[in-house]
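What follows is each chain in one-letter form.
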4 protein chains.
Amino acid sequence: MQMSYEECIKACLECMEACNSCYDACLKEDDVKMMSDCIRYNRECADICALAAQAMQSDSPLAKHICQFCAEICDACGKICEQHGHAEHCRKCAEACRKCAEACRKMAS
Amino acid sequence: MQMSYEECIKACLECMEACNSCYDACLKEDDVKMMSDCIRYNRECADICALAAQAMQSDSPLAKHICQFCAEICDACGKICEQHGHAEHCRKCAEACRKCAEACRKMAS
Amino acid sequence: MQMSYEECIKACLECMEACNSCYDACLKEDDVKMMSDCIRYNRECADICALAAQAMQSDSPLAKHICQFCAEICDACGKICEQHGHAEHCRKCAEACRKCAEACRKMAS
Amino acid sequence: MQMSYEECIKACLECMEACNSCYDACLKEDDVKMMSDCIRYNRECADICALAAQAMQSDSPLAKHICQFCAEICDACGKICEQHGHAEHCRKCAEACRKCAEACRKMAS
């Protein structure tokens, strides 16, 4: 089944939101130090999801290429979030990353 | 009535999408030169809407300040789009800019 | 004296670098929690300095407007960094913010 | 020979500047339509160079990965600019893309 721009943009924007919420929640944890990697991955992943969404919205000739890269970053971010699976915000973020990676990979293919 | 983060984020993301679609449509017009200002404003406005959405999603201490600025940029972009009101994409973009400016102004107040 | 685009772009790029270095150093501190505000301001300020530099480099009709806003964000970020003046990276970042705010204000006027 | 962060950041920032200047110059050409692809690639490439520079400046765990991707986008943008080699700004931009791709590839390896 083919992936439409619309569905993939939706997955990217949901992942951007989950990453930014997780970034915020990590910075509000008691032990922020333990979450420092998660904070870093969340920032990058949110920025790249925004980039991918904008590329699809503007029908960029690089849209598929950017989606392929976005999938890889979502994989990496999701893996870090899974390691912090005790925190609800990390579980949610890992799930959003998994869905976005899947959508972006379909888009890129 | 107070504006919630959720509503204002929605308005910013819809304006980002409208600006990117308008940017794309302007670049596909027969007379691109006539649309060059619109292309420039669309790019800036889309980027600032993304910034504002991300600031609210991460509960940034600068979120209101960024929303105030986003409202001003949406006003400027909407004004340019209105001047190209013969094009459907510009009319849509002007409307999204108007709504986003209104939401951001309420958020900032 | 007038501010040239070139000088102001340089100040923005130096401030972006100082903010990103400070963000990194804050996340490597023993007590990350104490630095959480600084981390947030650094991220926003770096992104807005990048936006301002790109606006000037592309001779955007919104360049002055964005510089005015960049000056305000640099003021806010510099104030937070000054409060953490025991850390060398915060002192450096506060200084870069001060210089960038000054350059951007001249540009905007 | 190894590539230092400092050198690679410099190449990314120079490419970002060249792309934004080329974007601006393309929008000021008499025949903007002919340059529409170049405008699109310049925007993406400038944004990704900014992302790569920020990732290195903040010692992101994803810095090398982002540099690898930046090299691919610079290759693509440089190729488009070469096709418009009659314009000085496109020649300059193609050269900056070539240097940035080379630096990013060394960084990623």
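Higher on the page you've got the structure.
Since we're looking at a predicted model, the values are computed, not measured. (Residues numbered from 1 in each chain as written. Chains lettered and ligands numbered in written order. Predicted model: local features only at pLDDT ≥ 70, side-chain atom pairs only at ≥ 80, totals over all residues. Heavy atoms only, no water.)

Draft legend 1. Representation of the overall build of chain A. Each helix and strand in chain A was counted, giving four helices and zero strands. Reading the helices (α) and strands (β) of chain A from amino to carboxyl end gives α-α-α-α. Over its C-alpha trace chain A gives a radius of gyration of 13 Å, about what one expects of a compact globule, namely 13 Å for 109 residues. For chain A, the spread of C-alpha atoms along the three principal axes comes to 45 × 25 × 15 Å. Buried positions account for 62% of the 109 residues belonging to chain A. By sequence separation, contacts in chain A at least 24 residues apart represent 74% of the contacts at least 6 residues apart. About 4,300 Å² of surface is accessible on chain A, with carbon and sulfur atoms providing 50% of the total. Between the centroid of the 13 positive side chains of chain A and the centroid of its 18 negative side chains there is a distance of 2 Å. (Helix = DSSP H or I, 4+ residues; strand = E, 2+ residues; numbered from the N terminus. Rg over C-alpha atoms; globule rule 2.2 N^0.38 Å. Buried < 20%, exposed > 50% of the residue type's maximum accessible area, 1.4 Å probe, protein only. Contact = heavy atoms within 4.5 Å. Areas by Shrake-Rupley, 256 points an atom, 1.4 Å probe, with all protein chains shown as cover. Lys, Arg positive; Asp, Glu negative; His and termini not counted. Charge placed at Lys NZ, Arg CZ, Asp CG, Glu CD.)

Draft legend 2. How the structure looks around unusual backbone geometry. Positive phi, normally seen in glycine, also occurs at B:Asp59, with a value near 50°. According to the relative accessible area criterion, B:Asp59 is partly exposed, its value standing at 32%.

Draft legend 3. Molecular detail of the interface of chain D and chain A. The partner chain A presents 20 residues to the 20 residues of chain D that form the contact. Roughly 1,800 Å² is buried in total at the junction of chain D and chain A, and carbon and sulfur atoms are behind 67% of that figure. When residues of chain D are sorted by the area they lose upon contact with chain A, D:Glu44, D:Leu62 and D:Phe69 head the list and together hold 30% of the total. Here chain D is connected to chain A by zero salt bridges. Listing elements by their share of the side of chain D that touches chain A, those giving two or more residues are α2 (36-57) and α3 (63-83) of chain D. Class assignment for the residues of the side of chain D that touches chain A results in ten nonpolar, four polar and six charged. (Buried area = accessible area lost by both parts, 1.4 Å probe. Salt bridge = Lys/Arg side-chain N within 4 Å of Asp/Glu carboxyl O. Nonpolar A, V, L, I, M, F, W, Y, C, P; charged D, E, K, R; others polar.)

Draft legend 4. Geometry of the packing of helix α1 (residues 5-28) of chain B against helix α4 (residues 88-108) of chain B. All names here are of chain B. Two numbers describe how α1 lies on α4: the axes approach to 8 Å, and their chain directions differ by 155°. The pairing of α1 with α4 is recorded here as roughly antiparallel in orientation. In the packing of α1 onto α4, the handedness of the crossing is left-handed. From α1, Tyr5, Cys8, Ala11, Cys12, Glu14, Cys15, Ala18, Cys19, Cys22, Ala25 and Cys26 reach across to α4, where they touch His89, Cys90, Cys93, Ala96, Cys97, Lys99, Cys100, Ala103, Cys104 and Met107. Across the contact of α1 with α4, the residue classes tally to 18 nonpolar, one polar and two charged. (Axes fitted to C-alpha atoms, helices over the stretch in contact; angles between N-to-C directions. Parallel < 35°, antiparallel > 145°, perpendicular 65-115°, else oblique. Left-handed = near helix turned anticlockwise from the far one by under 90°.)

Draft legend 5. Highlighting the relation of the copies chain A and chain C. By a simple turn and slide, chain A fits onto chain C: the slide is 0.0 Å along the axis, the RMSD is 0.0 Å, and the turn is 180°. Look at the turn and shift together and you get a two-fold axis relating the two. Residue A:Val32, judged by its C-alpha, is the member of chain A lying nearest the rotation axis, at 2.9 Å. Looking at chain A, 100% of its interface residues are interface residues in chain C too, so the copies touch through the same face. (Least-squares fit on C-alpha atoms with pLDDT ≥ 70 in both.)

Draft legend 6. Spatial organisation of the packing of helix α2 (residues 36-57) of chain B against α4(B). Residues and elements named next belong to chain B. At a minimum axis separation of 12 Å, α2 and α4 run at an interaxial angle of 35°. Seen from above, α2 lies across α4 with left-handed handedness. Side by side, α2 and α4 meet where Cys38, Asn42, Cys45, Cys49 and Met56 of the first sit next to Cys90, Cys93, Cys97, Cys100 and Met107 of the second. Looking at the contact of α2 with α4 residue by residue, the classes come out as nine nonpolar, one polar and no charged.

Draft legend 7. Highlighting α4(B). Residues and elements named next belong to chain B. Compared with an ideal rise of 1.5 Å per residue, which puts 21 residues at 30 Å, α4 spans 30 Å between its outermost C-alpha atoms and is within 8% of the ideal. Taken as a whole, α4 has its buried residues at His89, Cys90, Cys93, Ala94, Ala96, Cys97, Cys100, Ala101, Ala103, Cys104 and Met107. In this fold, the buried residues of α4 make contact with α1, α2 and α3 (63-83). (Expected span 1.5 Å × (residues − 1).)

Draft legend 8. Main features of the interface of chain A and chain C. Counting residues at the interface gives 15 residues for chain A and 15 residues for chain C. The junction of chain A with chain C conceals about 1,400 Å² of combined surface from both sides, 44% of it contributed by carbon and sulfur atoms. Among the residues of chain A in contact with chain C, A:Lys33, A:Arg40 and A:Arg43 are the three that bury the most area, contributing 46% of the side total. If you look at where chain A meets chain C, you find four salt bridges.

Draft legend 9. Region of the structure containing the relation of the copies chain D and chain A. Here chain D sits on chain A after a turn of 180° about the axis and a move of 0.0 Å along it, with an RMSD of 0.0 Å. The share of interface residues of chain D whose copies in chain A are also at the interface is 100%, consistent with both copies meeting through the same surface.

Draft legend 10. How the structure looks around the environment of A:Ala55. Here A:Ala55 is to be found in helix α2 (residues 36-57). Its relative accessible area of 1% is what places A:Ala55 among the buried residues. A:Ala55 sits 44 residues away from A:Lys99 along the chain, and the two C-alpha atoms are 19 Å apart. In this view, A:Ala55 contacts A:Ser60, A:Ala63, A:Ile66 and D:Glu44; residues no more than four positions away in its chain are not counted.

Draft legend 11. Here's a closer look at empty space enclosed by the protein. Tallied over the entire structure, the rule returns four cavities of 30 Å³ or more. Here the largest cavity is characterised by a volume of approximately 600 Å³. In terms of lining, the largest cavity is formed by 31 residues, of which the most central are A:Asp47, B:Gln54, C:Asp47, D:Leu51 and D:Gln54. Elements represented by at least two residues in the lining of the largest cavity include exactly α2 of chain A, α2 of chain B, α2 (36-57) of chain C together with α2 of chain D. Per-element tally for the lining of the largest cavity: the top contributor is α2(A), with eight residues. Its residues placed into classes, the lining of the largest cavity shows twelve nonpolar, eight polar and eleven charged. Considering only enclosed or pocket space, the second largest cavity measures out at about 80 Å³ in volume. Only α2 of chain B together with α2 of chain C provide two or more residues apiece to the lining of the second largest cavity. (1 Å grid on protein atoms, 1.4 Å probe; cavity = no way out; pocket = protein on both sides within 12 Å on 5 of 7 lines; lining within 4 Å. Points joined across faces, edges and corners; volume = space filled by probe spheres on them.)

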